[in-house]
Amino acid sequence: MKFKDQYQFVSQNIKKNKIRVFMTVLATAIGCAFLIVLASVGFGLHDSILKETMEDRAVTEVQVHGRETDGNYQPLTDEDIDFFESLEGVKAVTRNKQLYQTPTYKLEDYQAQSNTLVSHFPSEVKAGLELSEGRLPEKENEVIVGYNFRSNLLLSDVNQEELYNDQDEPKDKYLYQDSLIGKVMDMEVIQINDNQEETKSISLKIVGVTEKPGREWEEDRSVYISNSVLKEVEEFTGTARGMVDSPGGEQQGPELEIGAYDQVTIYATSIETVKQVSEQLETENYASYSVISEMEQINILFTIMKAGLILIGTIAVLIASIGIYNTMTMAVTERAPDIGIMKAIGAKPKIIKRIFVLESSLIGLAGAVIGTIVAYVISFAVNIGLPLIIESAFNEELPPGLKFSMIPWTLVLIAVGICLVVTILSGLRPAKRATQIDVLKAMRREV
């Protein structure tokens, strides 16, 4: 008996019991759709978190804090920078020096106190630094400021109680409103001599503003000065990084080596090379940190979550398999005369078994295909409708691009595979029973 003949025999029998087969396919489709939709939640949330992380250049960052030597961590110098840049997979190495006092910046009638850094702009550009407006500094007295620096500039002749609203935020009417590009501001630094505070003012021209931080909760209010401005401050204070002497004569701040950097960040060429760079740093006794270490833990967590959801969804398919078992058992009983005739003309048991397994497989495949289509429709509706429901019901604005459901092709393959395995196993017992039917009893309909 050829496979074509077996398929025709199965098709004829399915057509004879359309309603029963349809209900069985429907139950299988519901189980498969439930499995896919349930697991798609884990895939969707995982993809949203990874996408948000990948869009931030921090994903390729490796922060280096120092090098361990004889049990002590030494600050990083140009020699270390050269070593980092020689490593395979390194795109750029940024380094910053920090001014160890918070200067007061005055622009017209406005003033602000902000963190001050000395950055190496060529490496920052290689790492992906972009400006929201303006250009990079070209002269010694030119600076760029952080995106949120302007929101820190407040009128200087207004008392503190009047400046802020009930939410402790500065009122708009007291904020600096004009563009900062091309403006000249004064940076005031202090030093204490003989218990007397002295002030030095340095004029700086703003030529650029950094891009908006990638995350809503991040703010950049820093001022980025040149090395020559830092040296001018150090000459005035007589201390490294402009540290202020305390009244007792002691410097406030850590001890520094000449040429040492406060913050060094390595940017890998891709996310795949971050781990490789981190391992090389660990071999050389550098203390480092990267987001990848946390991402690995997130991946493990979501993998367990997705496996659990697939397992729960499989239960629905197992419940549907009861219907398949019942359908195939009834099919064997109803077709006992046909089985007897096939045996009488010489059909082998494995052929008879294959026919019933083929029928249960077709039912499972049809249910899996329909269930997959339904799952995609539900997933699409969930991603559109659920955010609207949550935002209207709870007055909460969800992050842009958040996916509650995502169905990758791997999930479809897993779901279809589970459906086929379960349906085939459900049809094995009735198929085996069909091969054990006695020919004479089958012809007399005594089965």
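The model shown is predicted, which means the values in this text are computed figures rather than measured ones. (Residues numbered from 1 in each chain as written. Predicted model: local features only at pLDDT ≥ 70, side-chain atom pairs only at ≥ 80, totals over all residues. Heavy atoms only, no water.)

## Considerations on unusual backbone geometry
The condition is simple: Helix and strand definitions here come from DSSP, where helices need a minimum of 4 consecutive H or I residues and strands a minimum of 2 consecutive E residues; each element is numbered from the N-terminal end. Note on exposure labels: buried denotes an accessible area under 20% of the residue type's maximum, exposed denotes more than 50%, and partly exposed covers the range between, all computed with a 1.4 Å probe on protein chains only.
Despite not being glycine, Glu108 shows a phi value in the positive range, around 55°. Mapped onto the elements of the fold, Glu108 is located in the loop between β4 (104-107) and β5 (110-113). A positive phi angle, near 65°, is found at Asn285, a position not held by glycine. In this structure, Asn285 sits in the loop between α7 (271-283) and β14 (286-290). A residue is classified by how much of its surface remains accessible, and Asn285, at 44% relative accessible area, is partly exposed.

## Topic: helix α6 (residues 227-237)
For clarity, the cut-off: Directions are taken from the helix axis to each C-beta atom, and the arc is the one they span. Contacts: residue pairs with any heavy atoms within 4.5 Å of one another.
For α6, every residue scored as buried is listed here: Val229, Leu230, Val233 and Thr237. All buried residues of α6 lie within an arc of 100° about the axis, which places them on one face of the element. Opposite the buried face of α6, at more than 90 degrees from it, the exposed residues are Lys231 and Glu235. Along its buried surface, α6 packs onto β3 (90-98), β6 (116-119), β10 (184-193), β11 (196-210) and β12 (223-225). Phi for Gly238, located one or two positions after α6, is positive at around 75°.

## Quick word on the side chain of Ser278
Position of Ser278 relative to the elements: it lies in helix α7. With sequence-adjacent residues up to four places away left out, Ser278 is seen in contact with Val62 and Ser290.

## So, the UniProt feature "transmembrane region" (unreviewed entry) in the chain
What counts is decided by this rule: UniProt positions are given in the numbering used here, feature names are shortened, and annotations may be inferred rather than shown by experiment.
Under the UniProt annotation, the feature "transmembrane region" (unreviewed entry) is placed at residues 21-45, 300-325, 362-386 and 406-428. Along residues 300-325 one finds 100% helix and 0% strand; the C-alpha atoms at either end are 37 Å apart.

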